[in-house]
Amino acid sequence: MNSVVLIGRLARDPELRFIPSSGMAVTRLTLAIDKELFGEKKQQAISQGKPTADFINVTVFGKQAENCANYLAKGRECAVHGRISTGSYTTQTGEKRYTTDIIADRVEFIGGGKGQSSPQGKPVQPDSSFFGDFPDEDNDIFQPVDDEDIPF
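Residues numbered from 1 in each chain as written. Predicted model: local features only at pLDDT ≥ 70, side-chain atom pairs only at ≥ 80, totals over all residues. Heavy atoms only, no water.

**Points about the overall build of the chain**
- The helix and strand tally for the chain stands at 2 helices and 6 strands.
- Per-residue burial for the chain yields a buried fraction of 24% across its 152 residues. (Helix = DSSP H or I, 4+ residues; strand = E, 2+ residues; numbered from the N terminus. Buried < 20%, exposed > 50% of the residue type's maximum accessible area, 1.4 Å probe, protein only.)

Shown next, in the form of structure tokens:
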């Protein structure tokens, strides 16, 4: 079974491209995932110049790729569900390089990032239709019940 679930913050803005032959959207993300070092271990890693996070490359396809490019930005928190994909390529100097990426099946936007704003800098407002039509607090929808009226 090849299944991965990651939660982290974007290390840079998403890169949106389109496959020329099909026109399908492809977005590349880099997730910074904290190594959960605490106290002395974290301070020691920082003083030695060692990273305190892993940086994972994620590739998203289709409509979800367009949504990621439009609504995610550097610093924004998200969750990724997908699979590991490995590959290799040869550089111009003849060196063979190996790659490990996550191919995302699903990306969920978690945090609002800095100041809960969209990449365009506009504040994010919750959709009022999500909350439904609840009565005002002034309307008393619950009436007290007398113990004598309870049938059991």
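**Some thoughts on the nonpolar core**
- One finds Leu31, Val58, Val60, Leu72, Cys78, Val80 and Val107 to be the most contacted residues of the largest nonpolar core, which totals 17 residues.
- Counting residues per element, this core draws most heavily on strand β3 (residues 25-34), which supplies 4 residues.
- Apart from residues lying up to four places away in sequence, Val107 is in contact with Val60, Gln64, Cys68, Leu72, Cys78, Ala79 and Val80. (Core = buried A, V, L, I, M, F, W, Y, C linked by side-chain atoms within 4.5 Å. Contact = heavy atoms within 4.5 Å.)

**What to know about the pattern of salt bridges**
- By the definition in use, this model includes 6 salt bridges.
- Between Arg9 and Glu77 there is a salt bridge, and its shortest N-O distance comes to 3.9 Å. Of this pair, Arg9 sits in strand β1 (residues 4-10) while Glu77 is found in strand β5 (residues 77-90), placing the two residues 68 residues apart along the sequence.
- On the basis of relative accessibility, which here comes to 23%, the residue Glu77 falls in the partly exposed class. (Salt bridge = Lys/Arg side-chain N within 4 Å of Asp/Glu carboxyl O.)

**Some remarks on the confidence of the model for the chain**
- Taken as a whole, the chain shows an average pLDDT of 80; of its residues, 73% reach a score of 70 or greater.
- Mean pLDDT values for the elements of the chain range from 78 in helix α1 (residues 39-47) up to 96 in strand β2 (residues 15-18).
- In the model, residues 114-139 has pLDDT below 50 throughout and makes 14 contacts with residues more than four positions away in sequence or in other chains. (pLDDT = per-residue confidence, 0-100.)

**With respect to the side chain of Thr27**
- Counting through the fold element by element, Thr27 comes out in strand β3.
- We classify Thr27 as buried; its relative accessible area is 0%.
- One polar contact links the side chain of Thr27 to the main-chain carbonyl oxygen of Ala65, over a distance of 2.7 Å.
- If sequence neighbours within four positions are ignored, Thr27 has contacts with Pro14, Glu15, Leu16, Val58, Thr59, Val60, Ala65, Glu66, Cys68 and Ala69. (Polar contact = N/O pair within 3.5 Å; in protein donor to acceptor, adjacent residues only side chain to side chain.)

**Considering the pairing of β3**
- Of all 10 residues in β3, 8 are buried, a share of seventy percent or more.
- Summarising the sheet, β1 and β3 pair through 2 bridges and their orientation is antiparallel. Directly across from Leu10, in β3, lies its bridge partner Leu31.
- The pairing of β2 with β3 spans 4 bridges and is antiparallel. (Pairing = 2+ DSSP bridges.)

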